[in-house]
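Structural features, examined
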Amino acid sequence: MDDQDRIRLTGAVRELAPELARRAEEIEAARELPVDLLDRLRAAGCFRMFVPRSHGGYDADPHTGLTVLEALARADGSTGWTVMIGAETPHLLAMLSRDQFDKLYAHGPDVVVAGGFAPQGRAELADGGFQVTGRWAFASGSRHADWIFGNCVLTGDGQPLPGPAGQPVEVRSMLLPAGQVTVADTWHALGLRGTGSHDVRADWVYCPVERSFDLFAGLPCVPGPGFVAPLAQFVLHLGAVAVGIAQGALDDTVALLDGDRRRLYARQPLADSPAFRERLGRADLHVRAARALLRSLADDLFRAAHDGGPVALAGLQPRISASLPWVTEIATAAVDACYRAAGGGAARDSSPVQRRFRDIHTFSQHAAAAEGWLGNNGSQLLGRPVELAY
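Read on for a plain summary of the structure. (Residues numbered from 1 in each chain as written. Predicted model: local features only at pLDDT ≥ 70, side-chain atom pairs only at ≥ 80, totals over all residues. Heavy atoms only, no water.)

1. What about the overall build of the chain?
To keep things clear, this is the line we draw: Going along the chain from the N terminus, every DSSP run of H or I of four or more residues is numbered as a helix, and every run of E of two or more is numbered as a strand. With the radius of gyration taken over C-alpha atoms, the globule rule is written as 2.2 Å times the number of residues to the power 0.38. Only protein chains enter the accessibility calculation, which uses a 1.4 Å probe; a residue is then buried when its area is under 20% of its type maximum, exposed when over 50%, and partly exposed in between. Every accessible area reported is derived by Shrake-Rupley at a probe size of 1.4 Å, with residue values counting cover from the shown protein chains alone. Think of it this way: Lys and Arg go in the positive column, Asp and Glu in the negative one, and His and the chain ends go nowhere. Every charge is mapped to an atom, namely NZ of Lys, CZ of Arg, CG of Asp or CD of Glu.
From N to C terminus, the chain includes 11 helices and 8 strands. Rg of the C-alpha trace for the chain: 21 Å, near the compact-globule value of 21 Å for 390 residues, within the 12% margin. In terms of principal-axis extent, the alpha carbons of the chain reach across some 75 × 50 × 45 Å. Counting all 390 residues of the chain, 53% fall into the buried class. Summing over all exposed atoms, the chain offers an accessible surface of approximately 17200 Å²; the carbon and sulfur share of this is 54%. Within the chain, the 45 negative side-chain charges are centred at a point lying 6 Å from the centre of the 38 positive side-chain charges.

2. Some points on the packing of helix H4 (residues 62-75) against helix H9 (residues 274-341)
Short version of the rule: What counts as an axis is a line fitted to C-alpha atoms, over the stretch in contact for a helix, and the angles between N-to-C directions run from 0 to 180 degrees. Crossings are assigned a handedness: left-handed for a near helix turned anticlockwise from the far helix by less than a right angle, right-handed for a clockwise turn. Only heavy atoms matter for contacts: two residues are in contact if any of them lie within 4.5 Å across the pair.
The interhelical angle for the contact between H4 and H9, taken along N-to-C directions, is 150°, at an axis separation of 9 Å. Classified by chirality, the crossing of H9 by H4 is right-handed. The segment H4 lies against H9, with Pro62, His63, Leu66, Thr67 and Glu70 engaging Arg291, Leu294, Arg295, Ala298, Asp299 and Phe302.

3. Quick word on the nonpolar core
Test applied: Throughout, nonpolar core names a set of buried Ala, Val, Leu, Ile, Met, Phe, Trp, Tyr and Cys residues whose side chains join them through atoms within 4.5 Å.
Counting 87 residues, the largest nonpolar core has Met49, Val132 and Phe363 as its most contacted members. Setting aside anything within four residues of it in sequence, one finds Met49 in contact with Leu9, Tyr58, Asp59, Ala60, Gly65, Val68, Leu69 and Ala87. Core analysis: the second largest hydrophobic core is formed by 19 residues, Leu93, Tyr105, Trp147 and Phe227 among them.

4. Here we look at the pattern of salt bridges
For the record, the criterion: The term salt bridge refers to a pairing of a side-chain nitrogen on Lys or Arg with a carboxyl oxygen on Asp or Glu at a separation within 4 Å.
Applying the stated criterion across every chain, the model contains 27 salt bridges. Among the salt bridges present, the one from Asp39 reaches Arg42, with a minimum N-O distance of 3.1 Å. Taken together, the residues span about one helical turn, with Asp39 and Arg42 both in helix H3 (residues 35-44) at a distance of 3 residues. Exposure remark for Asp39: the relative accessible area of 42% places this residue in the partly exposed category. Owing to a relative accessible area of 22%, Arg42 belongs among the partly exposed residues under this scheme. Note that Arg288 and Asp284 form a salt bridge whose closest N and O atoms lie 3.0 Å from each other.

5. A closer look at the environment of Val51
Mapping Val51 onto the fold places it in the loop between H3 and H4. Separated by 253 residues in the primary sequence, Val51 and Ala304 place their C-alpha atoms 20 Å from one another.

6. Some words on the packing of aromatic side chains
Heads up, the condition is: Classification of ring pairs uses Phe, Tyr and Trp, with its six-membered ring standing for Trp, and accepts pairs whose centres are within 6.5 Å; under 30 degrees between planes counts as stacked, over 60 as edge-to-face, and the remaining range as tilted.
In total, this model carries 7 aromatic pairs according to the counting rule given. Geometrically, the ring pair formed by Phe138 and Trp187 is edge-to-face, given 6.2 Å between the ring centres and 85° between the ring planes. Here Phe138, found in strand S2 (residues 129-139), pairs with Trp187, found in the loop between strand S6 (182-184) and strand S7 (198-208); they are 49 residues apart in sequence, far enough to count as distant. Accessibility expressed as a relative area gives 58% for Phe138, which makes it exposed. Judged by relative accessible area, Trp187 falls into the buried class, the value being 10%. Ring geometry for Tyr339 versus Phe357: centroids 4.2 Å apart, planes at 25°, classification stacked. Placement of the pair is Tyr339 in helix H9 and Phe357 in helix H10 (residues 352-363), with a sequence separation of 18 residues. Of the residues examined, Tyr339 reaches a relative accessible area of 25% and is grouped as partly exposed. On the basis of relative accessible area, Phe357 is assigned to the partly exposed category, the value being 23%.

7. Points about empty space enclosed by the protein
Formally: Detection works on a 1 Å grid of protein atoms alone, calling trapped sets that fit a 1.4 Å probe cavities and calling open sets with protein on both sides within 12 Å along at least five of seven lines pockets, with lining residues defined by an atom within 4 Å of a point. Grid points are joined across faces, edges and corners, and a volume is the space filled by probe spheres set on the points. The residue classification treats Ala, Val, Leu, Ile, Met, Phe, Trp, Tyr, Cys and Pro as nonpolar and Asp, Glu, Lys and Arg as charged. All others, Gly included, are polar.
What the rule picks out here adds up to 2 cavities of 30 Å³ or more. For the largest cavity, the calculated volume is near 60 Å³. Each residue belonging to the lining of the largest cavity can be placed in one class, and the counts come to 5 nonpolar, 1 polar and 1 charged. Roughly 40 Å³ of internal volume is contained in the second largest cavity. As for the second largest cavity, its lining consists of Leu66, Glu70, Ala240, Arg291, Leu294 and Arg295. Contributing elements (two or more residues each) for the lining of the second largest cavity: H4 and H9. With 3 residues, the single largest contributor to the lining of the second largest cavity is H9. For the lining of the second largest cavity, a count of residues per class yields 3 nonpolar, no polar and 3 charged.

8. Brief notes about helix H5 (residues 77-87)
Where burial is concerned, most of H5 is hidden: 11 out of the 11 residues are buried. Taken residue by residue, H5 has Gly77, Ser78, Thr79, Gly80, Trp81, Thr82, Val83, Met84, Ile85, Gly86 and Ala87 as its buried positions.

9. Quick notes on the packing of H4 against H5
The interhelical angle for the contact between H4 and H5, taken along N-to-C directions, is 150°, at an axis separation of 5 Å. Between H4, through Leu69, Leu72 and Ala73, and H5, the contact on the second element is made entirely by Gly77, Thr79, Gly80, Val83 and Met84. A breakdown of the residues in the contact of H4 with H5 according to their chemical character gives 5 nonpolar, 3 polar and no charged.

10. Here we look at unusual backbone geometry
The phi dihedral of Phe138 falls on the positive side, at around 60°, and the residue is not glycine. Even without being a glycine, Leu192 presents a positive backbone phi close to 50°. Among the structural elements, Leu192 can be located in the loop between S6 and S7.

See below:
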């Protein structure tokens, strides 16, 4: 990524952030990003930031990607999440053949894929491809997506096909045109309400074999360190959204306490309370530490992908997968401290601090943020087998 593109992208996001913050309540009420904001995010280059320059994208370096996603989530959690999901598109499509990748980007770089990682579909062998049926939950951004993917259990004559290396069943991702998939209006949630994370359903839709891929063991068709280990990239990008939500809560709290604001029955303004200052100071340092960890791991991943080889990458994966539950825990604690400080007003849906509270607690329920991933890092440190998938 050259300096001009970096300045153009980050500048456009910085310019858009105040409007995102002002319209956060509107985004929540709509349960998805308004069309005009989506258009502006596309124009800013947010959905093409990881697309290769050869295909009209920015090919953003790791730090720029983390900076953009954090800035968007700092303005509005739902926007940060939605852009993060859409920006992962080239990492997914790179699991296809290069010919298919080129075709999908032939008409421009702002292609958006949504879908579900859980294998909640079935793909029956048929006519050189698959007949796909299933229903996938949590398909963020599905209403504005160009393509929908879903992981499926492969079947032949209705029976699950055995997977490689002794796995019980074979799972493969199917990429379907959005027009052939039904979006079920199901996204009524505690937080991240504006992400449009509805269920998507396919009813025996044909998928040619060339538009299927192995998300977990496939090799990217696009060269370069930015396309190695797509799931590890995804974890780091998720972490940037968590940090952005927490930083936004700190911003909102400092703004809220400007002046002589005090809790009912309190003897002094909250900003003058030594105990509160200590909690706020600790929360700020925790968020900074989480940000620094993500950037450090992004550097490690970039180096390993560039010249470290498969062994270095394999050794780094458990630490990266373990980072997200830790970052989420730290971010959640910071937001909780802000919520407690905000007093009774934070109980109202219109409170920006309450919105951060709901967003981060909804974020914390994501499977990639589960505490079990911490065991990956511990297992590696002990020289024991890493049992959970990456």
